[in-house]
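Structural overview for review
Below, each chain spelled out in residue letters.
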Amino acid sequence: MVLTGAEIVIRCLQEEKVDYLFGYPGGAVLYIYDELFKQDKVRHVLVRHEQAAIHAADGYARSTEKVGVALVTSGPGATNAVTGIATAYCDSIPLVIISGQVPVGAIGQDAFQEVDTVGITRPCVKHNFLVRDVREIADTIKKAFYLAKTGRPGPVLVDIPKDITAQKCEFEYPQTVSMRSYNPVVKGHQGQIKKALQLLLEAKRPMVYAGGGVVLGNAADKLTALVRKLGLPCTNTLMGLGGYPATDRQYVGMLGMHGNYEANMGMHYCDVLLAVGARFDDRVIGSPAHFASEPRRIIHIDIDPSSISKRVKVDVPIVGDVGEVLGEMLAMLDAGAETNDQESLGVWWKQIEEWRRRDCLKFNQGEELIKPQFVIQKLWEVTGGDAFVTSDVGQHQMWAAQYYKFDKPRRWINSGGLGTMGFGLPAAMGVQLAHPGSPVACVTGEASIQMNIQELSTCKQFRLPIKVVMLNNRYLGMVRQWQEIFHGNRYSESYMNALPDFARLAEAYGHVGIRVDKPGDVEGALREAFQRKTDLVFLDIQVDQTENVYPMVQGGKGLTDMILSAEDL
Amino acid sequence: MQLPNTKTMRHVISLVIENESGALSRVSGLFSARGYNIESLTVAPTEDASLSRMTIVTSGSDDIVEQITKQLNKLVEIVKVVDLSESAHIERELMLIKVRATGKDREEMKRLADIFRGRIIDVTDASYVIELTGTQAKLDSFVSAIEPALILETVRSGICGVGRGERVLKV
Ligand SMILES: Cc1cc2nc3c(=O)[nH]c(=O)nc-3n(C[C@H](O)[C@H](O)[C@H](O)COP(=O)(O)OP(=O)(O)OC[C@H]3O[C@@H](n4cnc5c(N)ncnc54)[C@H](O)[C@@H]3O)c2cc1C
Ligand SMILES: Cc1ncc(C[n+]2csc(CCOP(=O)(O)OP(=O)(O)O)c2C)c(N)n1
Ligand SMILES: [Mg+2]
């Protein structure tokens, strides 16, 4: 069948079963938009800023097991998309981004709306392509989807010059891809897995540290089975939340800079650490030298060899897919008669329970000011712990991570690696489209929300009943916290004057806006919001301006050096 | 668990990469983005025109060089990577050096080129272009044997490397 390049692009998306395409039109992609118009399989979601298109595709991907797809025009369309692409890259999210480019003959001529998109995005994509011939479009898009979702996932960009979208060629969608230069390892090395299991069984103070890889690899069930079978304590990174059920007794909470006391102590003092799909980030282990000061043996399962022994030397590296490797471990356990040292494990658990009794997340909700922690606790109660929660970046993000107990994977959607303010609302759009009828909350701050607030308009157009839970502290709270602790209370530019009346702003966009000032009104407002099944409800919740996120490990310090409350300052 | 080994060593990394536009910038971009040292880089197509062979001279601690090879392997267009310095290998570099060749220096330049088994490939009244291949060290010592004022231009290719014996890096 002979088709134009633009028809081929749309046919490829249909072949890949893309149901939503997030995008924004412009000159270089007009032929593609024309073809979109003529069909109804791929539904286009018109955002109000290209950054939001990428975040929405990203939220869609994180909350499903699918690839998120976005379409932007050349020049400013592509540059606006860059923050979104980098956000997805840092958290290993599978996306395919199609960008328009000036005609082949105009490339390099400083043409109107020409930028070197492939050059600009090269450091923040898993891979990218510039298609120079209409006959290469189908093959390239097939490869893009394959690359995005296999191995360590990531965004892949396909840059398509305008002229070739109008040219014609024979179309056939390739059924398979093979690339001699790309063969990710899936199965783990048997010998290494055996060694790892042996080490784990011999451990006196074992600990499981699970990250985003468990969520990305859809291995939460296997992780949970292994952890339960061996009675191990388990901690999750910010990206791994929901990878192990948070309400389970064996869960010790998130670890890291704002991690739980018992999680950080356990991480530091364990004798065998099983790291699963986690990358020993600087926000997780603090100073590598301090972390290395306590002897322990480390098993590391990761699909990306470059994540292993990057910041911390590992004793038993296992390259492979988490699901495959954990599955092997479970099978070996079932086959063998060995068990772990119950007595030592009992002593270790006693120690952990003692740490847990510090109750590091306790807070005092008084009569006057609304505590942000209280809002998240109520959000968890009101939604029965079963909502999709997206977040922006700052203190509110950390409170959401600490106080919303995620029992399932793909429910917690946030920008961890890049920490992109403005992520929350557009990501929630992608989540809501992927899960119509499910409750979706966007926890945000009054600063973050303003970085993509224009998307309230998109939410109206596509009838997305997101619940925006804004913890309004009238501060760039996370910045203010650091200034309080490290810069002698000099709040340089972290206070924002002239904030809008957010409830009325939401109303202006055609939504429901509610302002909450008193602790007693929080639960009622949340209940009302979630009862309004078809409305977007924007809750402007005035919270205690001076609240800080604790526990806190100062940058560069050791995991055991935690500030647990204001009294420690 | 140990702390990283921080002793810096020179490494010669050889790789086979798809011969596509942009592939070179992925490699050079990787080195600059991650702050890896790059001393020289040579690249040209192989007997199979769809593939290029690249030799990179870098330096770093064992941990850094391990990361360099892992990160290179991760680039989608790279087919194979080896650290040649891990075993017996051969390195060669080509130099074209233009020197002043007048008066007594003319004879001296000729003699020096002979000693180093160089070839004079361009001659004028006042200058020679000498072609010399060898290890980096040999080229360095040739350059230092010449009085600096007599050197008009030096052009060096950077190193090409290959493993000794039966070991081959092939797709
Ligand atoms: C304000 C702020 C504060 C933060 N504070 C904290 C904090 O206190 N604690 C914390 O934990 N984080 C915190 N972060 C997040 C932190 O910056 C990192 O993003 C996060 O710790 C990384 O999580 P991860 O190690 O799980 O890795 P991810 O970035 O999720 O990486 C996943 C890993 O799994 C691997 N992988 C992917 N798929 C598979 C598969 N199928 N099989 C095997 N392996 C796979 C990947 O190769 C990668 O190595 C904070 C971020 C912000 C913005
Ligand atoms: C795009 C972007 N710019 C700057 C920052 C740095 N930053 C991190 S948190 C923060 C403040 C966020 O304020 P707000 O959204 O009100 O959240 P709060 O911390 O008050 O809960 C800033 C400026 C960032 N993460 N992203
Ligand atoms: Mg704020």
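Rules and cut-offs
- Residues numbered from 1 in each chain as written.
- Chains lettered and ligands numbered in written order.
- Predicted model: local features only at pLDDT ≥ 70, side-chain atom pairs only at ≥ 80, totals over all residues.
- Heavy atoms only, no water.
- Helix = DSSP H or I, 4+ residues; strand = E, 2+ residues; numbered from the N terminus.
- Buried < 20%, exposed > 50% of the residue type's maximum accessible area, 1.4 Å probe, protein only.
- Contact = heavy atoms within 4.5 Å.
- Areas by Shrake-Rupley, 256 points an atom, 1.4 Å probe, with all protein chains shown as cover.
- Lys, Arg positive; Asp, Glu negative; His and termini not counted.
- Charge placed at Lys NZ, Arg CZ, Asp CG, Glu CD.
- Domains from an automatic or database assignment.
- Buried area = accessible area lost by both parts, 1.4 Å probe.
- Polar contact = N/O pair within 3.5 Å; in protein donor to acceptor, adjacent residues only side chain to side chain.
- Nonpolar A, V, L, I, M, F, W, Y, C, P; charged D, E, K, R; others polar.
- Donors = N, O, S within 2.8 Å, 3.2 Å for Na, K, Ca; no water.
- Tetrahedral: all angles 85-135°; square planar, octahedral: opposite > 155°, others 65-115°.
- Near = heavy atom within 4 Å.
- Core = buried A, V, L, I, M, F, W, Y, C linked by side-chain atoms within 4.5 Å.
- Pairing = 2+ DSSP bridges.
- Axes fitted to C-alpha atoms, helices over the stretch in contact; angles between N-to-C directions.
- Salt bridge = Lys/Arg side-chain N within 4 Å of Asp/Glu carboxyl O.

Focus: the overall build of chain B
In terms of helices and strands, chain B carries four helices and eight strands. C-alpha extents for chain B along the principal axes are approximately 65 × 40 × 35 Å. Within chain B, buried positions represent 41% of all 171 residues. For chain B, long-range pairs separated by at least 24 residues make up 75% of all intrachain contacts whose partners lie at least 6 apart in sequence. On chain B, roughly 9100 Å² of surface is accessible, and the fraction owed to carbon and sulfur atoms is 53%. In chain B, which carries 22 positive and 24 negative side-chain charges, the distance between the mean positions of the two groups comes to 2 Å.

Description of the domain arrangement of chain A
Residue and element names in this part refer to chain A. The assigned domain composition of chain A is domain 1 (2-170), domain 2 (190-356) and domain 3 (372-549). Taking the mean C-alpha position of each, domain 1 and domain 3 sit 30 Å from one another. The interface is formed by 25 residues belonging to domain 1 together with 27 residues belonging to domain 3. Between domain 1 and domain 3, a total of about 2000 Å² is buried, with carbon and sulfur atoms accounting for 63% of that surface. Taken together, domain 1 and domain 3 are joined by twelve residue pairs in polar contact (both at pLDDT 80 or more). It is helix α3 (residues 50-63) that contributes the most residues to the side of domain 1 that touches domain 3, ten residues altogether. By residue class, the composition of the side of domain 1 that touches domain 3 is eleven nonpolar, nine polar and five charged.

Some words on the coordination of the magnesium ion (ligand 3)
Residue and element names in this part refer to chain A. Distances from the magnesium ion (ligand 3) to its protein donors, Glu-446 (OE), Glu-446 (OE), Asn-473 (OD1) and Tyr-475 (O), fall at 2.1 to 2.5 Å. Relative to the metal, the six donor atoms surrounding the magnesium ion (ligand 3) lie at angles of 51 to 177°, and the coordination shape comes out irregular. The motif formed by the donor residues of the magnesium ion (ligand 3), counted along the single chain, is E-x26-N-x1-Y. Of this pair, Glu-446 sits in the loop between β17 (440-445) and α19 (455-461) while Tyr-475 sits in the loop between β18 (467-472) and α20 (477-486); the two residues are 29 residues apart in sequence, bridging distant segments of the chain. Accessibility assignment for this pair places Glu-446 and Tyr-475 in one class, buried.

Let's talk about the site of ligand 1
All names here are of chain A. In the region of ligand 1, 35 residues are neighbours, and Gly-212, Thr-237, Arg-279, Asp-302 and Ser-307 sit closest. Take Met-257: an N or O atom from its main chain is 3.1 Å from an oxygen atom of ligand 1. In this structure, an oxygen atom belonging to ligand 1 sits 2.6 Å away from a side-chain N or O atom of Asp-302. Computed on the free molecule, ligand 1 has an accessible area of 990 Å², of which 97% lies beneath the protein chains in the complex.

Quick notes on the nonpolar core
Residues and elements named next belong to chain A. Among the nonpolar cores identified, the biggest contains 103 residues, and Leu-223, Val-276, Phe-280 and Met-329 are the most heavily contacted of them. Per-element tally for this core: the top contributor is helix α14 (residues 322-335), with seven residues. Viewed by domain, this core spans two of them, domain 2 (190-356) and domain 3 (372-549), each represented by three or more residues. If sequence neighbours within four positions are ignored, Phe-280 has contacts with Tyr-209, Met-267, Leu-273, Ala-275, Ile-285, Phe-291, Ile-298, His-300, Arg-311 and Val-312.

Details of the sheet that holds strand β19 (residues 512-516) of chain A
Residue and element names in this part refer to chain A. Taken in spatial order, the six strands make up an open sheet running β16-β15-β17-β18-β20-β19, and their pairing is parallel. What marks the edges here is a single partner per strand, and that holds for β16 (412-413) and β19. Inspection of the sheet shows β17 paired to β18 by five bridges, in the parallel sense. Across the sheet, residue Cys-442 finds its bridge partner in β18, namely Val-468. Against the sheet, helix α16 (residues 372-382) engages β17, β18 and β20 (537-542), with an angle of about 160° to β18.

Thoughts on the side chain of Asp-302 of chain A
Residue and element names in this part refer to chain A. Residue position: Asp-302 is located in strand β13 (residues 297-302). Notably, Asp-302 is buried but unbridged: the nearest opposite-charge side chain belongs to Arg-152, and the N-O separation is 5.5 Å. Among the polar contacts listed, one links the side chain of Asp-302 to the backbone nitrogen of Asp-304, at a separation of 2.8 Å.

Quick notes on the environment of Glu-147 of chain B
Residue and element names in this part refer to chain B. In this fold, Glu-147 is placed in the loop between α4 (136-145) and β8 (151-163). On the basis of relative accessibility, which here comes to 51%, the residue Glu-147 falls in the exposed class. Taking the C-alpha atoms as reference points, Glu-147 and Val-99, separated by 48 residues in sequence, lie 9.7 Å from one another.

Some details on unusual backbone geometry
With omega at -5°, the peptide bond leading from Tyr-550 of chain A into Pro-551 of chain A counts as cis. In this structure, Pro-551 of chain A sits in the loop between β20 and β21 (552-553). With a phi angle near 55°, Asp-110 of chain A is a residue other than glycine that sits in the positive phi range. On the secondary structure map, Asp-110 of chain A appears in the loop between β5 (95-101) and α5 (117-121). On the basis of relative accessible area, Asp-110 of chain A is assigned to the exposed category, the value being 74%. For Arg-117 of chain B, which is not glycine, the phi dihedral falls at a positive 55°. For Arg-117 of chain B, the position within the fold is in the loop between α3 (103-115) and β6 (119-123). The exposure class of Arg-117 of chain B is exposed, given its relative accessible area of 72%.

Some words on the site of ligand 2
Residues and elements named next belong to chain A. Close to ligand 2 lie 17 residues, the nearest being Gln-395, His-396, Gly-419, Ser-448 and Gly-477. At 3.2 Å, a backbone N or O of Ala-447 approaches an oxygen atom of ligand 2. Between ligand 2 and the protein, one listed contact pairs an oxygen atom with a backbone N or O atom of Tyr-475 at 2.9 Å. The fraction of the free accessible surface of ligand 2 (590 Å²) that becomes covered by protein chains is 76%. Of all the elements in the fold, those that place two or more residues in the shell around ligand 2 are α17 (395-403) and α20.

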